[in-house]
Amino acid sequence: MKIKAILGGLILALAGLGLIFSGCGDAKKTEPYLVGGIFSISGPASYLGEPERNSLEMVVEGVNAKGGINGHPLKLAIYDDEGDVTKARLHATKLAQDKNCLAIIGPSITPASMTVLEVTQKAKLPLISCAAAAGITAPAKDRFWTFKTAQTDEMAVARIFQYCKKHAITKVAILTVSSAFGVAGKDQLLAQAPKNGIEVVGQEVFADKDTDMTPQLTKIRSLPAQAVICWGVGPAPALVAKNMKQLGFTIPLIQSHGAASKKFIELAGDAADGIIMPAGKLVIWPQLPDTDPQKAVCKEYSEKYQAKFKVPESSFGGYAYDAIRMLNQALTKAGNNRDKIRAELEGLKNFVGVSGIFNMSPEDHNGLSPAAFVMVKIDKGGFQLID
């Protein structure tokens, strides 16, 4: 009896150990995949960061509701850089030091992205930026771990000048914000103009927080410009529109893709009507033919976002939406291996997103072309596809 009791005790003990080992194995098979997010959720660029944060959380919630990725739930660590490059770097450093973090999505703005990529490159951590400047991912050989989903300023300028040539606009004046976004846009405008037979007859600059653009616009009004190109984001481009109307301008105002949101129309009011700009297809998706592969993706994002947050979707949020969806595809194939995740992102082909159809390569970590933009005109408080 004593022997049986001893044997029974051993069996129970071994079974208990087996349960522990089995539990550990199961836990490892279902441990969360940690993804970092750095966005300008508050501060002057919150109109970018808030929809980006919302979109990331919305997709992750949906993925986890369906069982995660290969049984692994997604776990988010989201930080607000407030549009401050120092804070963005601190957040990136914290995430990079966490061996469980598999990738970072963001930041929202170019200066923060340029700072963060210095950290992620050194840490060999995949970064998918939501900012515009082409230099974030170019040259790709120097941005080995960095990708981006936003269309570039280079593409936006190319699309604007295509429109100008089509409409016999050969002389333009440019008005650019003094931030990194504006400087990058100005550089592209000046570089591409001669190649397109366009003369830049005047250049003016404004600050993000300027409250009156009439001094710059008064100078421009005396020039032989056939159109004004404004390059900025936030409230300032809307003020340019209002001041041009007050000054009685009759030539077209062309905005950058940074103004392609319903928020801009709201800020500019009746001065918005007639403004032309390049935009992602999201802003006019109901006007797309059913044969356009982006239409279904834009429709799904728009309807899900509005249902969840009770506000209109934005192209900026679409950058994060595309980023987490392409990362999820990479995680499905690569698991929790940073090197393999990076390789999967670089090999992404014909990925249909809100912002365009992505074809990444070792030479191109953005994967978009000027075809990712359409030209739109604001009419009666809405965007109309014109080209």
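Residues numbered from 1 in each chain as written. Predicted model: local features only at pLDDT ≥ 70, side-chain atom pairs only at ≥ 80, totals over all residues. Heavy atoms only, no water.

### Re the pattern of salt bridges
Across all of its chains, the model carries 16 salt bridges by this definition. Between E118 and R89 there is a salt bridge, and its shortest N-O distance comes to 2.8 Å. Taken together, the residues E118 in helix α4 (residues 110-123) and R89 in helix α3 (residues 85-96) connect sequence positions 29 residues apart. Relative accessible area serves as the criterion here: at 44%, E118 is assigned to the partly exposed category. Residue R89 is classed as partly exposed on the basis of its relative accessible area, which comes to 33%. One salt bridge in this structure joins K141 and D142, with 3.6 Å as the shortest N-O distance. Here D142 falls in the partly exposed class, since its relative accessible area comes to 39%. Overlapping salt bridges, with partners in common, bring together R159, K166 and D387 in one network. (Salt bridge = Lys/Arg side-chain N within 4 Å of Asp/Glu carboxyl O. Helix = DSSP H or I, 4+ residues; strand = E, 2+ residues; numbered from the N terminus. Buried < 20%, exposed > 50% of the residue type's maximum accessible area, 1.4 Å probe, protein only.)

### Notes on the packing of aromatic side chains
What the rule picks out here adds up to 8 aromatic pairs. Arranged with centres 6.1 Å apart and planes meeting at 25 degrees, the rings of F181 and W231 form a pair that is stacked. Of the two residues, F181 sits in helix α6 (residues 180-192) while W231 sits in strand β8 (residues 227-231), which places them 50 residues apart along the sequence. The buried category is assigned to W231, whose relative accessible area is 0%. (Phe/Tyr/Trp six-rings, centres within 6.5 Å; stacked < 30°, edge-to-face > 60°.)

### Some thoughts on unusual backbone geometry
With the exception of glycine, most residues fall at negative phi, and the peptide bonds are largely trans. A cis geometry characterises the amide bond from G106 onward to P107, with omega recorded as -5 degrees. Within the element layout of this structure, P107 appears in the loop between β3 (101-105) and α4. In this model, A138 is joined to P139 through a cis peptide bond whose omega is -5 degrees. Turning to its location among the elements, P139 is positioned in the loop between β4 (127-129) and β5 (146-148). Although it is not a glycine, N70 adopts a positive phi angle of roughly 55 degrees. Topologically, N70 is positioned in the loop between α2 (46-65) and β2 (74-80). You can call N70 exposed: its relative accessible area is 53%.

### Some details on the packing of helix α11 (residues 315-334) against helix α12 (residues 338-346)
In the contact formed by α11 and α12, the axes pass within 9 Å of each other and the chain directions differ by 125 degrees. Taken together, the axes of α11 and α12 are oblique relative to one another. Once α11 is placed against α12, the crossing between them reads as right-handed. Contacts between α11 and α12 involve M326, L327, A330, L331, K333 and A334 on the former and, on the latter, K340, I341, E344 and L345. When the residues that make up the contact of α11 with α12 are grouped by side-chain class, the tally is 7 nonpolar, no polar and 3 charged. (Axes fitted to C-alpha atoms, helices over the stretch in contact; angles between N-to-C directions. Parallel < 35°, antiparallel > 145°, perpendicular 65-115°, else oblique. Left-handed = near helix turned anticlockwise from the far one by under 90°. Contact = heavy atoms within 4.5 Å. Nonpolar A, V, L, I, M, F, W, Y, C, P; charged D, E, K, R; others polar.)

### So, α11
Its 20 residues place the ends of α11 28 Å apart at the C-alpha level, agreeing with the 28 Å of an ideal helix rising 1.5 Å per residue. With respect to burial, α11 is a largely interior element, 16 of its 20 residues being buried. Phi turns positive one or two residues past the end of α11, at G335, with a value near 65 degrees. (Expected span 1.5 Å × (residues − 1).)

### Comments concerning the nonpolar core
Formed by 124 residues in total, the largest nonpolar core has its most connected members in I105, F161, I229, F264, M277 and L327. The dominant element in this core, judged by the number of residues it contributes, is α11, at 11 residues. Not counting chain neighbours up to four residues away, the residues in contact with M277 comprise Q255, S256, A259, A260, F264, V374, M375, V376, I378 and F383. (Core = buried A, V, L, I, M, F, W, Y, C linked by side-chain atoms within 4.5 Å.)

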